[in-house]
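Structural description and commentary
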Amino acid sequence: KAGVTQTPRYLIKTRGQQVTLSCSPISGHRSVSWYQQTPGQGLQFLFEYFSETQRNKGNFPGRFSGRQFSNSRSEMNVSTLELGDSALYLCASSLGRDQGYYSTDTQYFGPGTRLTVL
Amino acid sequence: AQSVSQHNHHVILSEAASLELGCNYSYGGTVNLFWYVQYPGQHLQLLLKYFSGDPLVKGIKGFEAEFIKSKFSFNLRKPSVQWSDTAEYFCAVIPPGSNYQLIWGAGTKLIIKP
């Protein structure tokens, strides 16, 4: 079974631009989560999508948004880029079974998109 | 603030040494616990996970972790490390009520000297 794929792998943008990152989950996985990884802040949760709906959201400004399509592929958009947005953006997929209070799903990660903002 | 703590940011060991990496969390209630590994140039991979049952969890590549509820800990262990274990190790927690949101420790960079 193919793993989680992310495109592009590397991006260089300038301040003020916007960027769209793409994530294709493992076949059959309906949940996609996005994380930002930086040397200073480590790994931080951005948001999670399930069945085209944002189900969970971290503490990031509204410049960070996402969406999920009917085939479970997801995109993440960052508008008005800032230097501090330079990071590795990771996507993870899981079955997304709704456990109500907490999930026993395991998340599988893609290789990430390395975004550099100049 | 509630968090996940990994006490050692850098660990250097010789091959065949025993390994223990600490992980503590500050959430009450039922938590799901994970250890992920990131080898140089590779993506995050799941080493092992704990949801319920036997608190001693065995993972891939000879790793194991023990969940001690009273200590809010989930330490990772390996009796004899190899050079190929050089990587960054992350502890992560899904706190109660947060469903799919993984909260991460800062990571421990492990270097194994051949």
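Residues numbered from 1 in each chain as written. Chains lettered and ligands numbered in written order. Predicted model: local features only at pLDDT ≥ 70, side-chain atom pairs only at ≥ 80, totals over all residues. Heavy atoms only, no water.

A few words now on the state of the cysteines. Applying the stated criterion across every chain yields a total of two disulfides over all chains. Note that A:Cys23 is cross-linked by a disulfide to A:Cys91, the S-S spacing being 1.7 Å. What sets the handedness of the A:Cys23 and A:Cys91 disulfide is the S-S torsion sign, and at about -45° it is left-handed. Taken as a pair, A:Cys23 in strand E3 (residues 19-24) and A:Cys91 in strand E9 (residues 87-94) lie far apart in primary sequence, 68 residues in all. You can call A:Cys91 buried: its relative accessible area is 0%. Linked covalently through their sulfurs, B:Cys23 and B:Cys91 form a disulfide whose S-S length is 1.9 Å. A torsion of -60° about the S-S bond marks the disulfide between B:Cys23 and B:Cys91 as left-handed. With B:Cys23 in the loop between strand E3 (19-21) and strand E4 (24-25) and B:Cys91 in strand E10 (residues 87-94), this residue pair connects regions lying 68 residues apart in the sequence. In this structure, B:Cys23 and B:Cys91 share a single accessibility class: buried. (Disulfide = S-S within 2.5 Å. Helix = DSSP H or I, 4+ residues; strand = E, 2+ residues; numbered from the N terminus. Buried < 20%, exposed > 50% of the residue type's maximum accessible area, 1.4 Å probe, protein only.)

Next up on the list: the packing of aromatic side chains. Throughout the structure, instances matching the rule amount to 16 aromatic pairs over all chains. Seen in terms of ring centroids, B:Phe90 and B:Trp104 are 6.1 Å apart; in terms of plane orientation they differ by 90°. Their pairing is edge-to-face. Of this pair, B:Phe90 sits in strand E10 while B:Trp104 sits in strand E11 (residues 103-104); the two residues are 14 residues apart in sequence, bridging distant segments of the chain. On the basis of relative accessibility, which here comes to 7%, the residue B:Trp104 falls in the buried class. A network of ring pairs unites the aromatic residues A:Tyr35, A:Phe45, A:Phe109, B:Phe34, B:Tyr36, B:Phe51, B:Phe90 and B:Trp104 as a single cluster. A cation sits over an aromatic face here: A:Arg55 above A:Phe50, 4.2 Å from the ring centre. (Phe/Tyr/Trp six-rings, centres within 6.5 Å; stacked < 30°, edge-to-face > 60°. Lys NZ or Arg CZ within 6 Å of the ring centre and 35° of its normal.)

With that settled, the discussion passes to the side chain of A:Ser22. Residue and element names in this part refer to chain A. The topology assignment puts Ser22 in strand E3. Judged by its relative accessible area of 12%, Ser22 falls in the buried class. A polar contact of 2.8 Å, which involves the side chain of Ser22, links it to the side chain of Arg73. Ignoring anything within four residues of it in the chain, the contact list for Ser22 reads Thr5, Gln6, Thr7, Trp34, Arg73, Ser74 and Glu75. (Polar contact = N/O pair within 3.5 Å; in protein donor to acceptor, adjacent residues only side chain to side chain. Contact = heavy atoms within 4.5 Å.)

Just distances and angles here, no functional claims.
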